[in-house]
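Listed below are the residues making up each chain.
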Amino acid sequence: RLAGDAVRPERRGLRQGTRTLTADSLLAKGPKGGPDSPQGLRHRRVMEGHGRVEGAMLTAEYSPHLLVAALSSKDNADLSTQCRMQAESRLATVVLDRVRRSFLCTSLAHPRSDLRLGRLRQLKEDLSWANSFTSSMGEKAKEVGRFREDAKALEAAGRAQALRREAAACAKEIERLDIEEKAPWAKPDDISRRQAACTERRSAIVAETMGMLRAWTRHGEMAKELLGALVCMADVGGDEFRLEMDRRGLGMAAGAVADVWASRPEVARLALRLLGMVSVELLISHITEAIQEGTIVCLGVAALNQLTRDDPRLIDVVAEQGGREMLDEVDQIWGSERMIALQSLNLRRKLRKSSVKSLRPKKPVELAEDDVVRIRGCFDAIDEDQSGSIEAEELAVAFQLRGIKATRQEILEALAEVDLDGSGKVEWPEFLYLMSRYGTSMTIEAQFTQERLAELREVFSAFDANGDSTLDVKELGLVMRSVGLCPTDMEIKGMINEVDADQSGRIEFPEFLYLMSRKVSDPENQHRLAFQFFDEERDDCIQRRIFIRKMQELSSEFSVEDLDEMIFQAKFENADLDTLTYKEFIKMMMRS
């Protein structure tokens with residue numbers, strides 16, 4: 001009361017603001033007061049507005065503009081939320097039905113027909129008509145925008161078909177001009193002018209198609225249509241169109257489409273096939289880069305199979321661009337996937353017919369300089385005719401000279417790994433790469449402990465009477481007898497011939513070590529080999545059933561009861577009578 005009138009308007013405003021009455025509340029609770037009260041008059045206006053809107057909704061199918069006028073009229077500004085939502089929904093249904101019907105009629109028409117062109121014009125008119133109603137359609141106005149994008153896609157698809165026909169006509173014109181150019185009546189100036197026009201037109205066709213592909217990369221159906229058009233151009237137009245596509249950067253565009261639509265094989269398949277038609281090198285590189293994507297790998301190798309089937313000359317190109325190395329990576333990662341393995345096997349069989357070597361650089365050789373010098377000396381010593389290559393038999397000698405223990409099958413597999421042209425010969429770079437694969441851990445020195453290696457070196461030096469770092473038959477016999485072996489002279493000569501790489505009748509220290517590794521073995525190795533013989537499942541324990549079966553295969557003197565008793569007597573590490581550990585197996589061997 002003391003504040004006077006200064007705060008009274010503010011309080012009055014707050015009180016009036018909190019009493020705001022919506023049309024929804026007025027309809028739900030009814031008006032307060034008589035018919036002529038403010039709420040009664042407003043209630044009558046709301047009901048009259050509802051009546052006008054509902055009347056417009058009944059004729060919306062034929063006159064949707066009347067419903068828009070009713071919703072935007074000032075007289076109908078005070079409508080309930082439910083009435084307005086029903087009116088917008090009705091308007092959206094009418095508009096979208098018309099647009100949807102027009103879109104279906106357009107899409108069902110043949111892409112190359114005049115009917116498609118006429119219906120496409122009608123669809124554009126319907127979309128323009130629908131655009132005038134979007135402000136009154138609420139959330140469903142977004143669907144009109146989606147139809148607008150789909151209409152653009154239909155128009156682009158029609159344009160892609162037209163470009164395909166233009167490319168075919170251009171290719172035929174170029175072929176016809178090539179024939180006319182050889183005719184005696186040909187006019188060189190006229191033919192040159194027409195050829196230049198065809199070249200310009202070809203460039204424009206490829207540029208427009210690829211521009212559309214980049215714009216529609218994210219639209220699956222449209223990307224598929226454009227890829228199909230480009231594949232047709234490459235087929236019909238030949239190398240000229242393919243070179244033009246390559247110059248325009250098709251490799252990057254097709255690779256991007258394949259990556260985006262890896263989940264849709266029909267799109268990715270077309271993209272990878274097109275990539276291979278333009279450049280086999282780009283396709284192999286793309287497969288290698290996406291080696292972790294199973295879909296890309298499977299479809300890419302399938303595309304290479306199809307390309308080499310259509311044109312067998314491409315087998316040499318695939319081999320030259322690193323197809324074999326790419327398949328090695330594929331098999332290493334996806335060898336367990338049946339479809340990829342089958343596609344890889346099919347392509348590998350074709351590559352076996354090619355004698356072309358790969359231009360793909362191998363992994364760098366990581367060897368010390370001294371090792372490279374020694375390997376080069378080994379290669380030169382074996383390559384007696386200085387041809388720059390060695391054969392399989394000479395490779396076996398190189399393995400022995402290097403002190404690498406390998407069976408004939410392992411040597412043949414190593415040869416096949418580097419002999420990509422199937423000539424049966426290995427050149428110096430391939431030889432160096434192959435030797436680096438085995439490294440120092442595979443040499444004969446690595447098979448002995450340092451103590452044992454020092455002992456053998458001391459023995460070798462002690463019996464090397466003339467000090468030439470070699471042993472002959474007599475000296476080797478003394479060495480063998482010193483370690484407890486008593487071979488005959490014929491057996492010693494056979495040993496020397498077995499390891500004598502240079503056929504000199506004498507053996508050097510690496511050959512001596514190889515011989516010792518085969519003739520002398522310690523008990524621990526014997527026990528370990530015996531244990532591995534019984535450990536079929538390679539789980540570091542011998543199963544009872546396997547032990548009994550193998551023992552009875554070796555000798556019929558043992559009964560199941562005898563073998564069970566042997567297992568029982570050997571057990572001490574655990575109580576599992578169905579298995580034998582390594583220590584328990586050693587105990588059994590010692591008791592035996």
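Residues numbered from 1 in each chain as written. Predicted model: local features only at pLDDT ≥ 70, side-chain atom pairs only at ≥ 80, totals over all residues. Heavy atoms only, no water.

**Regarding the overall build of the chain**
Thinking step 1. Counting its regular elements, the chain contains 29 helices and four strands.
Thinking step 2. Classification of the 592 residues of the chain by burial places 39% in the buried group.
Thinking step 3. Only carbon and sulfur atoms are counted for the fraction: they give 51% of the accessible area of the chain, which is about 34,100 Å². (Helix = DSSP H or I, 4+ residues; strand = E, 2+ residues; numbered from the N terminus. Buried < 20%, exposed > 50% of the residue type's maximum accessible area, 1.4 Å probe, protein only. Areas by Shrake-Rupley, 256 points an atom, 1.4 Å probe, with all protein chains shown as cover.)

**Some details on the nonpolar core**
In summary, soluble globular proteins display a tendency toward joint burial of nonpolar side chains.
Thinking step 1. M245, L250 and L304 are the most contacted members of the largest nonpolar core, which totals 66 residues.
Thinking step 2. By residue number, the principal contributor to this core is helix α7 (residues 141–181), which donates ten residues.
Thinking step 3. Once you skip the residues sitting within four places of it in the chain, M245 turns out to touch V206, M210, L230, M233, A234, L250, L274 and V278.
Thinking step 4. Grouped together as the second largest cluster of nonpolar side chains are 29 residues, L79, L91, A141 and V144 included. (Core = buried A, V, L, I, M, F, W, Y, C linked by side-chain atoms within 4.5 Å. Contact = heavy atoms within 4.5 Å.)

**With respect to the packing of aromatic side chains**
Thinking step 1. The final tally for this structure, using the stated rule, is two aromatic pairs.
Thinking step 2. Where F103 meets F147, the ring centres are 5.7 Å apart and the plane angle is 65°; that geometry is what we call edge-to-face. Of the two residues, F103 sits in helix α5 (residues 81–108) while F147 sits in helix α7, which places them 44 residues apart along the sequence. There is no split in this pair, since F103 and F147 are both buried. (Phe/Tyr/Trp six-rings, centres within 6.5 Å; stacked < 30°, edge-to-face > 60°.)

**A word on unusual backbone geometry**
Thinking step 1. At D540, a residue that is not glycine, the phi angle is positive and equals roughly 60°.
Thinking step 2. Turning to its location among the elements, D540 is positioned in the loop between α26 (523–534) and β3 (542–543).

**Quick look at the pattern of salt bridges**
Thinking step 1. Tallied over the full model, the rule gives 25 salt bridges.
Thinking step 2. The salt bridge involving D235 is made with R273; its shortest N-O contact spans 3.7 Å. Residue D235 is located in helix α9 (residues 220–237), and its partner R273 is located in helix α12 (residues 265–278); the two are separated by 38 residues in the primary sequence. (Salt bridge = Lys/Arg side-chain N within 4 Å of Asp/Glu carboxyl O.)

**Notes on a negative patch on the surface**
Thinking step 1. On the surface, E175, D178, E181 and E240 cluster together to form a negatively charged patch.
Thinking step 2. Per-element tally for the negative patch: the top contributor is α7, with three residues.
Thinking step 3. Mapped onto the elements of the fold, D178 is located in helix α7.
Thinking step 4. Its relative accessible area of 36% is what places D178 among the partly exposed residues. (Patch = residues over 30% accessible without salt bridge, like charges linked within 9 Å, V, L, I, M, F, W, Y side chains within 5 Å. Lys, Arg positive; Asp, Glu negative; His and termini not counted. Charge placed at Lys NZ, Arg CZ, Asp CG, Glu CD.)

**As for the packing of α5 against helix α6 (residues 114–131)**
Thinking step 1. Across the interface, α5 lies against α6 with an axial gap of 9 Å and an inter-helix angle of 165°. Judged by the angle between their axes, α5 and α6 are roughly antiparallel. At the point where α5 passes α6, the crossing takes the left-handed sense. Contacts from V95, R98, V99, S102, F103, C105, T106 and S107 in α5 reach R116, R119, L120, Q122, L123, D126, L127, W129 and A130 in α6.
Thinking step 2. Partitioning the contact of α5 with α6 into residue classes produces nine nonpolar, four polar and four charged. (Axes fitted to C-alpha atoms, helices over the stretch in contact; angles between N-to-C directions. Parallel < 35°, antiparallel > 145°, perpendicular 65-115°, else oblique. Left-handed = near helix turned anticlockwise from the far one by under 90°. Nonpolar A, V, L, I, M, F, W, Y, C, P; charged D, E, K, R; others polar.)

**Describing the environment of G505**
Thinking step 1. For G505, the location among the structural elements is in the loop between α24 (489–499) and α25 (509–519).
Thinking step 2. Given the relative accessible area of 34%, G505 is considered partly exposed.
Thinking step 3. C-alpha separation for the pair G505 and V473, spaced 32 residues apart in sequence, amounts to 7.9 Å.

**What about the side chain of T581?**
Thinking step 1. In this fold, T581 is placed in the loop between β4 (579–580) and α29 (582–591).
Thinking step 2. Not counting residues up to four positions away in its chain, the partners in contact with T581 are F531, E573 and N574.

**Some thoughts on the packing of helix α3 (residues 38–58) against helix α4 (residues 64–72)**
Thinking step 1. Following both chains from N to C, one finds α3 and α4 inclined at 165°, their axes separated by 8 Å at the closest point. Between α3 and α4, the angle falls in the class roughly antiparallel. The handedness of the crossing between α3 and α4 is left-handed. Packed against α3, whose contacting residues are V53, A56 and M57, the element α4 presents L66, L67, A70 and L71 at the interface.
Thinking step 2. Of the residues that constitute the contact of α3 with α4, the class distribution is seven nonpolar, no polar and no charged.

**Regarding α12**
Thinking step 1. With 14 residues, α12 extends 20 Å between its outermost C-alpha atoms, agreeing within 8% with the 20 Å of an ideal straight helix rising 1.5 Å per residue.
Thinking step 2. The secondary structure elements touched by the buried residues of α12 are α9, α10 (239–247), α11 (250–260), α13 (280–289) and α14 (294–310). (Expected span 1.5 Å × (residues − 1).)

**Here we look at the environment of G294**
Thinking step 1. Mapping G294 onto the fold places it in helix α14.
Thinking step 2. What makes G294 buried here is its relative accessible area of 18%.
Thinking step 3. Here the alpha-carbon distance between G294 and I333, two residues 39 residues apart in the chain, equals 9.4 Å.
Thinking step 4. In contact with G294, other than residues within four places in its own chain, are W334 and I340.

**Describing α5**
Thinking step 1. Between its first and last C-alpha, α5 extends 40 Å over 28 residues, near the 40 Å set by a 1.5 Å rise per residue.
Thinking step 2. Those residues of α5 lying buried are C83, A87, L91, A92, V94, V95, L96, V99, S102, F103 and T106.

**Details of the environment of S102**
Thinking step 1. In this fold, S102 is placed in helix α5.
Thinking step 2. Residues S102 and E125 lie 23 residues apart in sequence; the distance between their C-alpha atoms is 9.8 Å.
Thinking step 3. Dropping the residues within four chain positions of it, S102 is found in contact with Q122, L123 and D126.

**Thoughts on the confidence of the model for the chain**
Thinking step 1. For the chain, the mean per-residue pLDDT works out to 79, and 82% of the residues sit at or above 70.
Thinking step 2. With pLDDT under 50 throughout, residues 1–18 is counted as low confidence; its partners more than four residues away or in other chains account for zero contacts.
Thinking step 3. Low confidence marks residues 519–523, where pLDDT is under 50. Its contacts with residues over four positions away, or in another chain, come to seven contacts. (pLDDT = per-residue confidence, 0-100.)

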